[in-house]
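# Breakdown of the fold
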Amino acid sequence: MPKLPTIIAGSLITFSLPIAATEAPQNHRNFAGFTGIINTPTAGVLDRGVIDFGYNNQLDFDGERMTDGYNYVFSAGLWSGLEVSGLIAANTMHDNFFHPDVKAQERIRDLSFNAKYSLTMIPEDWFDLAIGAKDIGGSVNKYETYFAVASKSWRDFRFSAGVASSKHETGMMDGVFAGVEWQPLEWFALQLEHDAEAVNAAARLIVPSNWLYDLGTLTLTSRFYSNTDNSDEDTYVGINFSMPLSEQAKSNYQEIKAAPDNAAVMAQVSQRQIMQTPSQQSKPISDSEPKPAPPRGEVSKDLNAEVRALKQALVRDGFENVQVGLNREPSIIVQFENPVFNRNDLDAIGVVLGRVAQYISDESAQFVVQLGKHDIPLLALSGKVANYRQFITQGSAPGLTIRQGAMDIPGGVAWIGDGKANSPYFKPRLTIGPALSSTYATELGVYDFSLALRADLEIPVWRGAGINITAQTVVADTEDFEPGDTFESRRERNGLERAVFYQTFDLPFGFYNQTQVGLFREYYDYTGLINETAWVSPSGRHKLYNNYGFFDYEDFDGDRDYHVMGYQYHWVEQDITFHVSGGEFWRNDKGMKVETKFWFGDSYVSLYAYDTDVQVAGVSFSIPLTPRKDMNVSKYGQLKGNQAWRHGVSTRISDDTNALVYKKAYVPETSISLDRTYLNQGRLSGSYVFANLARLREAYLTYK
């Protein structure tokens, strides 16, 4: 460690400079893919729900030397204290490593996964402590490194020191390392480190998010000095862009003290103050006819007018199958379907409940609101109008009671108008979005892809049933995806992808069943059937499902089938869902798959792994490609974007080779499914509503 005094001297020089700020330096990315300085990590991590895209040209060539190359890094803060990243390292972008001329050259193209966790049990006024690992799990671990690091901030300085073990032949990150950062200005920082092999210095320019319309933060970093003997260049540069994955992440909302989870009181829901007797009959009220007198008392003309205005407002908001009624209690009954807030049904529920509080002035009134889809009841919410109005105006707990499935229709309900308004049936809904097939860090290139524009048409026809047609046109291919080339079998193709008829049923005790029959193009043309049965617990935290598919090949006598069973647990307090499934998958590979989704609003980052006839681990993300509120459905239909577009990258683990894996642990899907169409991507539950009351309120205040 003879070079450690150098960094101490550098720190003393830094202390002698005039101090222009007192805040600790911000957390930014280093060249190795972690939150850190240049080559060394600090104990800081990305904030939860923040993602970072980075590029730098300081290539670590097989741990032997630093040279000019390409590093592409994607990072995400998944949980409080946990960040993960994936790094592609390459010295050429498009050279074919199988070509004889290229084989004779030094070459590298590597994909690695990294993780760092900042321990949360250390008191904030002490120091920060983190552990981490680089190049986890892959078949060829060129950069495997493990480390522990502590950091302490003082005024506008951050001091870090740690110990690491790595496979680097140069000795970098293999021993004791230390560093100091000084950020005298909001937009400028200086860095000095000893990476266990050399002393490095860098400068960083920070473009604040308010200069970029609050989209994110841009940083430019330059390593301008190093006394290493293992670098081909004196200077390396990098650029990073950090941004929140979703504006609707729970951390962005002011916390509201929610009512307790209602799972334990589901059996008592029917005993709430709204009661039904066999002699009471529901009778529609025509908008042109006078209101008949109720059995006891009388509903005021003002309340009658308010209920009519409420129904008209919900129709203007774009909701379908809208039915509004009232009885003598008075109780306001609302049934509706949500075709406009397609990213999250929670927003639709928030707007509808807010409209009830907005239009109903009777302080003694109660409400029951039923969310459905294609006449299938999904979630019922009830409470007092006065309590919910206070929730909107003051942010106090709304006192909701929520149950899965259908509500208990109270007695003596008089429905406003001629039945349900704004029918959803035979109105086409067209979804436009990308279809992407890609490879990363192969012998043929850093990134190859086939991109198509996909159009997905859905036409509901009757209760729980509809037609779904998907077609696409190829927009762009890289050379290796073109017809006749290496990845032709993975190429997106022009034409019809799927044409199916689906029928969904809601069954007793929380069961749902959906069957799809039609044409499926899974590289070849099949006539197929998919059947999914799911059970959702009363609180919505647990889901069990069984998925079966049978496909008959159209061109000759051949068929295939799959059968997969699975379980999902929704940890609503942390916005995390855990998934495990197993069985026989599409390519006759048998085994299990596990996945954890970290939700941030309507987006998520997931970590997954499966073990069939290969072992694979990967990371994926899902983002909405449509506005939070889509256009209303007109008599001609609706045009919208994909509300949950997913893309991921994976690699083999526990294997001597790293050959590409294609459609293993795979189950054919359409844009219509129980989870996607009816269950709000597995989040439609009372528990989820209670855990996101702040967003429920904000949705109404935003769209009122």
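Quick note: structure is the one above.
Scope of this entry: the structure provided in the associated data block.

Conventions and cut-offs
Residues numbered from 1 in each chain as written. Predicted model: local features only at pLDDT ≥ 70, side-chain atom pairs only at ≥ 80, totals over all residues. Heavy atoms only, no water. Helix = DSSP H or I, 4+ residues; strand = E, 2+ residues; numbered from the N terminus. Contact = heavy atoms within 4.5 Å. Areas by Shrake-Rupley, 256 points an atom, 1.4 Å probe, with all protein chains shown as cover. Patch = residues over 30% accessible without salt bridge, like charges linked within 9 Å, V, L, I, M, F, W, Y side chains within 5 Å. Salt bridge = Lys/Arg side-chain N within 4 Å of Asp/Glu carboxyl O. Lys, Arg positive; Asp, Glu negative; His and termini not counted. Charge placed at Lys NZ, Arg CZ, Asp CG, Glu CD. Axes fitted to C-alpha atoms, helices over the stretch in contact; angles between N-to-C directions. Parallel < 35°, antiparallel > 145°, perpendicular 65-115°, else oblique. Left-handed = near helix turned anticlockwise from the far one by under 90°. Pairing = 2+ DSSP bridges. 1 Å grid on protein atoms, 1.4 Å probe; cavity = no way out; pocket = protein on both sides within 12 Å on 5 of 7 lines; lining within 4 Å. Points joined across faces, edges and corners; volume = space filled by probe spheres on them. Phe/Tyr/Trp six-rings, centres within 6.5 Å; stacked < 30°, edge-to-face > 60°. Buried < 20%, exposed > 50% of the residue type's maximum accessible area, 1.4 Å probe, protein only. Lys NZ or Arg CZ within 6 Å of the ring centre and 35° of its normal. Core = buried A, V, L, I, M, F, W, Y, C linked by side-chain atoms within 4.5 Å.

### Focus on the overall build of the protein
- Per the secondary structure count, the protein includes eight helices and 32 strands.
- Considering only residue pairs separated by 6 or more positions, the protein has 57% of its internal contacts joining residues 24 or more positions apart.
- Per element, the accessible surface of the protein, about 30300 Å² overall, is 55% carbon and sulfur.

### Considerations on a negative patch on the surface
- Taken together, the side chains of D525, D552, E554, D555, D557 and D559 present a region of like negative charge at the surface.
- Within the secondary structure, D557 is located in the loop between strand 25 (542–553) and strand 26 (558–571).

### Points about the packing of helix 4 (residues 345–359) against helix 5 (residues 385–394)
- Two elements in contact, helix 4 and helix 5, have axes separated by 9 Å at closest approach and are oriented at 115°. One element, helix 4, and the other, helix 5, form an angle in the roughly perpendicular class. Crossing handedness for the pair helix 4 and helix 5: left-handed. The residues of helix 5 that touch helix 4, namely those facing G350, L353, G354, V356 and A357, are V385, Y388 and R389.

### Remarks on the sheet that holds strand 1 (residues 50–61)
- One closed barrel holds the twelve strands; their spatial order is 1-2-3-4-5-6-7-8-9-10-11-12, and the pairing between them is antiparallel. Averaged over all adjacent pairs, the angle separating strand axes in this sheet is 20°, with direction ignored.
- Looking at chain direction, strand 6 (residues 145–154) and strand 7 (residues 157–166) are connected through ten bridges and run antiparallel. Bridge pairing in strand 7 places S153 opposite R158.

### Concerning unusual backbone geometry
- The residue after E329, namely P330, is reached through a cis peptide bond having omega 0°.
- By the secondary structure assignment, P330 is in the loop between strand 13 (320–326) and strand 14 (331–337).
- Notably, N422 is not glycine yet its phi reads approximately 70°, a positive angle.
- Residue position: N422 is located in the loop between strand 18 (414–415) and strand 19 (429–442).

### A word on empty space enclosed by the protein
- Applying the stated rule across the entire model yields six cavities of 30 Å³ or more.
- Taken as a whole, the largest cavity spans an internal volume of roughly 210 Å³.
- As for the largest cavity, its lining consists of 19 residues, and the residues nearest its centre are F31, A32, D60, K134 and M172.
- Broken down by secondary-structure element, the contributors of at least two residues to the lining of the largest cavity are strand 1, strand 2 (65–79), strand 3 (82–90) and strand 6.

### A short note on the packing of aromatic side chains
- Taken as a whole and judged by the stated rule, the model has 28 aromatic pairs.
- Residues F520 and F551 carry aromatic rings whose centres are separated by 5.1 Å and whose planes lie at 80° to one another, so their mutual orientation is edge-to-face. Residue F520 is located in strand 23 (residues 511–522), and its partner F551 is located in strand 25; the two are separated by 31 residues in the primary sequence.
- What makes F551 buried here is its relative accessible area of 0%.
- Site record: aromatic cluster; members linked through ring pairs are F520, Y524, Y526, F551, Y553, Y562 and W586.
- Over the aromatic face of F97 sits the side chain of R109, whose NZ or CZ is 4.1 Å from the ring centroid.
- When the ring centre of Y608 is taken as reference, the NZ or CZ atom of K593 above it lies at 5.4 Å.

### With respect to the nonpolar core
- Core analysis: the largest hydrophobic core is formed by 56 residues, its most contacted members being F319, I332 and L400.
- The element contributing the most residues to this core is helix 4, with eight residues.
- In this structure, I332 is in contact with L303, V307, L310, V324, G325, L326, I360, Q366, F367 and V368, ignoring residues within four places of it in sequence.
- Core analysis: the next-biggest nonpolar cluster, separate from the first, contains 19 residues, I51, L78, V84 and V446 among them.

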